[in-house]
Amino acid sequence: MNIVALISGRGSNLHAIIKGIEEGKINAKISLVISNKKDAKGLDIAKSYGIEALFLNPKDYKDRKEYDKKLAEVISQKNPDLIVLAGYMRILSPEFIDAFEGKIVNIHPSLIPAFQGLHAQKQAIEFGSKFSGCTVHFVTKDLDNGPIIIQAVVPVLPEDTEETLSQRILKFEHKIYPQAIKWIADGRVSIKGRKVIVKDAKYGTIPVNPALEDF
Ligand code: GAR
């Protein structure tokens, strides 16, 4: 499976996915990593593994539609099977999503549909939630709300700060994202309307549902 990844920053999820590929667990290749931020650490991580890494500057384009048109052009040249959003903090245009619908996945640091958008972990703390978590989902025009592949749940503690809760969630992000991508690469994932089924996965487990197999 040929992957193009979009990032905006640290790239720890990208790194977890690269490691899953390097360890032979995910049968895939990342042909290109694109960032909308010049100083994204994830670009350096990609380069250190010999992966082509590109900064595409939003300031060079008149608006989101034009930027995403270029983004779609660059991505199409690689003819990817899957576009992986790994901390890509920019809303994608409807035209972009239409062009690749069913082929874009994202990770979001909450149990969607709760706490969509920015600072999901802070939103969970401020709301007084006792559990939060993370979700890998297909991307639709409905922001942070597409069909769910896998979720992990973590407790929210009274003394939590945005940082401590983010760290607790991130540990699971680094497991559920490579796992979901492995399942897609292995052809086990199908979408029917809002519902995603992973063939032969074990459903009904806590804290991760469906259960992790490889990470
Ligand atoms: C992750 O926590 C990811 O879930 C979140 O940004 C962080 C990126 O970290 N994404 C979103 O909030 C998307 N709405 P990383 O660059 O180290 O992978």
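Each remark here, short or long, concerns the structure printed above.
These figures come from a predicted structure and were not determined experimentally.

Draft legend 1. Region of interest: the overall build of the protein chain. Helix and strand content of the protein chain: six helices and 10 strands. The C-alpha atoms of the protein chain give a radius of gyration of 17 Å, which matches the 17 Å a tight globule of 215 residues would have. Dimensions of the protein chain along its principal axes, counting C-alpha atoms only, are 45 × 35 × 35 Å. Here the protein chain, with 215 residues, has 49% of them falling under the buried criterion. Relative to all contacts within the protein chain whose residues are 6 or more apart in sequence, the contacts with residues 24 or more apart total 64%.

Draft legend 2. Quick look at the site of the ligand. Surrounding the ligand, one finds Arg10, Gly11, Ser12, Asn13, Gly87, Met89, Ile107, His108, Pro109, Asp144 and Glu173. The backbone of Gly11 places a nitrogen or oxygen atom 2.8 Å from an oxygen atom of the ligand. The side chain of His108 places a nitrogen or oxygen atom 3.1 Å from a nitrogen atom of the ligand. Coverage of the ligand by the protein amounts to 89% of the 450 Å² it exposes when considered alone. A breakdown of the residues in the shell around the ligand according to their chemical character gives three nonpolar, five polar and three charged.

Draft legend 3. Region of interest: helix H1 (residues 12-22). Taken across its 11 residues, H1 has eight buried, putting it largely inside the fold. When H1 is considered as a whole, its buried residues turn out to be Ser12, Asn13, Leu14, Ala16, Ile17, Ile18, Gly20 and Ile21. On its buried side, H1 packs onto strand E1 (2-7), strand E2 (29-35), helix H2 (41-48), strand E4 (82-85), strand E5 (104-108) and helix H6 (162-185). Positioned one or two residues after H1, Gly24 has a phi angle of 80 degrees, which is positive.

Draft legend 4. Examining the environment of Ser166 more closely. Looking at where Ser166 falls in the secondary structure, it is placed in helix H6. Accessibility expressed as a relative area gives 18% for Ser166, which makes it buried. At 2.5 Å, the side chain of Ser166 forms a polar contact with the backbone oxygen of Glu162.

The rules we used
Residues numbered from 1 in each chain as written. Predicted model: local features only at pLDDT ≥ 70, side-chain atom pairs only at ≥ 80, totals over all residues. Heavy atoms only, no water. Helix = DSSP H or I, 4+ residues; strand = E, 2+ residues; numbered from the N terminus. Rg over C-alpha atoms; globule rule 2.2 N^0.38 Å. Buried < 20%, exposed > 50% of the residue type's maximum accessible area, 1.4 Å probe, protein only. Contact = heavy atoms within 4.5 Å. Near = heavy atom within 4 Å. Polar contact = N/O pair within 3.5 Å; in protein donor to acceptor, adjacent residues only side chain to side chain. Areas by Shrake-Rupley, 256 points an atom, 1.4 Å probe, with all protein chains shown as cover. Nonpolar A, V, L, I, M, F, W, Y, C, P; charged D, E, K, R; others polar.

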